[in-house]
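Structure at a glance
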Amino acid sequence: PTLSRLDFASLAMVDVGLIVYLTAWYLGNYYYNIFNKTAAKAGGGSEYAMIMAWIQMAVGAVYALALWILPEARKAPAITFTQVMKLAPVGFFTAAAHAGAVFSLSAGAVSFAQVIKAAEPAFAAAIGYAVYGSSVSRAKLLMLVPVIGGICIASASELDFTWACLAAAGGANVAAAFRGQENKKAMAGDMKAAIGGGANAYAIGTLWSTLLLIPTVFITGEWQKMDAFLKVWEDDGLPGHTGFRFNLIMSGLTFYLYNEVSTLALGKISGVTHSVANTAKRAIIIVGCAIAFGESMSPSKMAGCSIAIGGTFLYAVADDILPQKKKSA
């Protein structure tokens, strides 16, 4: 009887909601990469990257609007036009980050693009310090060495290496760094209460991003190939391929859902724990996608991945570890 009571007590202490959030976050991120790359292969690689990026965002925007419109699904934010405009920079950098990520994932190996994405803290530290005057501890700066070094090792051994993939993933990291800083600025004061939580904030950012991605279709010249794209859409892929429409739509839906769930998970755990979970997720996606698509996983590439991801984790927890060491000294 005593053991039974202990077992029930242990079960009662388990945060089922957090487990669901983390599971959905991991699965959503993994399947987004699978759906996105499968759609890219069926549709011609990076040839229609901006159109694909826009469609993915548009799917998320429709989902977000549906939740606000449907009765008792989600309360719409009660914000003014001025407050909506304050979120425009967040939407701009969200669009830029997504466009860069979609291009990099389409132009090269998913596993390699994810290694570059693992360096996001390095870009965030540089942008925060240079543009926004944010301070970065010496411990965090030291942890950037293995992050950058690991990426160099992985890049040198990448069989599917392309400069376009490297540049696009790096650009996505820069945009993500600006997005994080702009989001902090926009959510200051009474903005957070007016929006009604992180889920609504992400929804508004998605709506802005959907609008702001439209010019990229014209800037990159993809609008001139619209007839060819519509033919690929109608045929459900290039000759010899199928499932283009399904994978593209599902990539948009899973992209929105995993980002929203990540926001909800952050509300239940500390920032450090979130970083640990994000690091583990990155490793799972790199290995999982490499297996799914038969991408190269040479020992040197795996070593570079491990070093970069390990450095990312240490960067996230550096300031929490060092004070403990000082106290015990």
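Residues numbered from 1 in each chain as written. Predicted model: local features only at pLDDT ≥ 70, side-chain atom pairs only at ≥ 80, totals over all residues. Heavy atoms only, no water.

**As for the packing of helix 3 (residues 49-69) against helix 11 (residues 198-212)**
Relative orientation and spacing of two packed helices are given, respectively, by the angle between their axes and the distance between those axes. Which entries qualify depends on this criterion: Note on method: axes are straight lines fitted to C-alpha atoms, helices fitted across the in-contact stretch only, with angles between N-to-C directions ranging 0 to 180 degrees. Comment: elements are numbered from the N terminus, with helices defined as DSSP H or I runs of at least four residues and strands as E runs of at least two. Here is the rule for angles: anything less than 35 degrees is roughly parallel, anything more than 145 is roughly antiparallel, 65 through 115 is roughly perpendicular, and the remaining ranges are oblique. Crossing chirality is assigned from the near helix's rotation relative to the far helix, an anticlockwise turn below a right angle marking it left-handed and a clockwise turn marking it right-handed. By the convention used here, residues are in contact when the closest approach between their heavy atoms is within 4.5 Å.
The contact between helix 3 and helix 11 brings their axes to 9 Å, and the two run at 135°. When the axes of helix 3 and helix 11 are compared, the pair comes out oblique. Crossing geometry of helix 3 relative to helix 11 is assigned as left-handed. Between helix 3, through Trp-54, Met-57, Ala-58, Gly-60, Ala-61, Ala-64, Leu-65 and Trp-68, and helix 11, the contact on the second element is made entirely by Asn-200, Ala-203, Ile-204, Thr-206, Leu-207, Ser-209 and Thr-210.

**Section: unusual backbone geometry**
The condition is simple: Buried, partly exposed and exposed residues are distinguished by accessible area as a fraction of the type maximum, computed with a 1.4 Å probe on protein chains only: under 20%, between the cut-offs, and over 50%, respectively.
Non-glycine residue Glu-72 carries a positive phi angle of around 60°. With respect to the helices and strands, Glu-72 occurs in the loop between helix 3 and helix 4 (81-86). In this structure Glu-72 comes out as exposed when scored by relative accessible area, which is 84%. The phi torsion at Asp-236 lies on the positive side, around 60°, for a residue other than glycine. Tracing the chain through its elements places Asp-236 in the loop between helix 13 (226-234) and helix 14 (244-266).

**Some words on a nonpolar patch on the surface**
For the record, the criterion: Patch membership needs two things, relative accessible area over 30% and no salt bridge, and members are linked within 9 Å if like-charged or within 5 Å if nonpolar (Val, Leu, Ile, Met, Phe, Trp, Tyr). Each accessible area is a Shrake-Rupley estimate made with a 1.4 Å probe; only the visible protein chains count as cover when residues are assessed. Note on definitions: salt bridges are taken to be side-chain nitrogens of Lys or Arg within 4 Å of carboxyl oxygens of Asp or Glu.
A surface patch of nonpolar side chains, amounting to about 410 Å² of accessible area, comprises Leu-211, Ile-214, Phe-218 and Trp-223. By the element assignment, Phe-218 lies in helix 12 (residues 214-219).

**Side note on the confidence of the model for the protein**
Put simply, the test is: For every residue, the predictor assigns a confidence score, pLDDT, that lies between 0 and 100.
When pLDDT is averaged across the protein, the result is 83; 88% of the residues are at 70 or more. Scored below 50 in pLDDT, residues 8-12 makes 0 contacts in the model with residues more than four places away or belonging to other chains. Counting contacts from residues 324-329, a segment whose pLDDT is below 50, to residues more than four positions away or on other chains yields 0 contacts.

**Regarding the pattern of salt bridges**
According to the stated counting rule, one finds 3 salt bridges in the structure shown. Close ionic contact of Lys-185 with Glu-182 constitutes a salt bridge, the shortest N to O distance being 3.7 Å. Of the two residues, Lys-185 and Glu-182 are both situated in helix 9 (residues 163-186); the distance of 3 residues between them amounts to about one turn of the helix. Assessed through its relative accessible area of 52%, Lys-185 is described here as exposed.

**Quick notes on helix 7 (residues 120-131)**
Put simply, the rule reads: Every helix has an expected span of 1.5 Å times one less than the residues it contains.
The end-to-end C-alpha distance of helix 7, which contains 12 residues, comes to 16 Å, matching closely the 16 Å that a straight helix rising 1.5 Å per residue would cover. Among the residues of helix 7, Pro-121, Ala-122, Ala-125, Ile-127 and Gly-128 are the ones counted as buried.

**Some words on the environment of Trp-223**
In this fold, Trp-223 is placed in the loop between helix 12 and helix 13. For Trp-223, a relative accessible area of 41% puts it in the partly exposed group.

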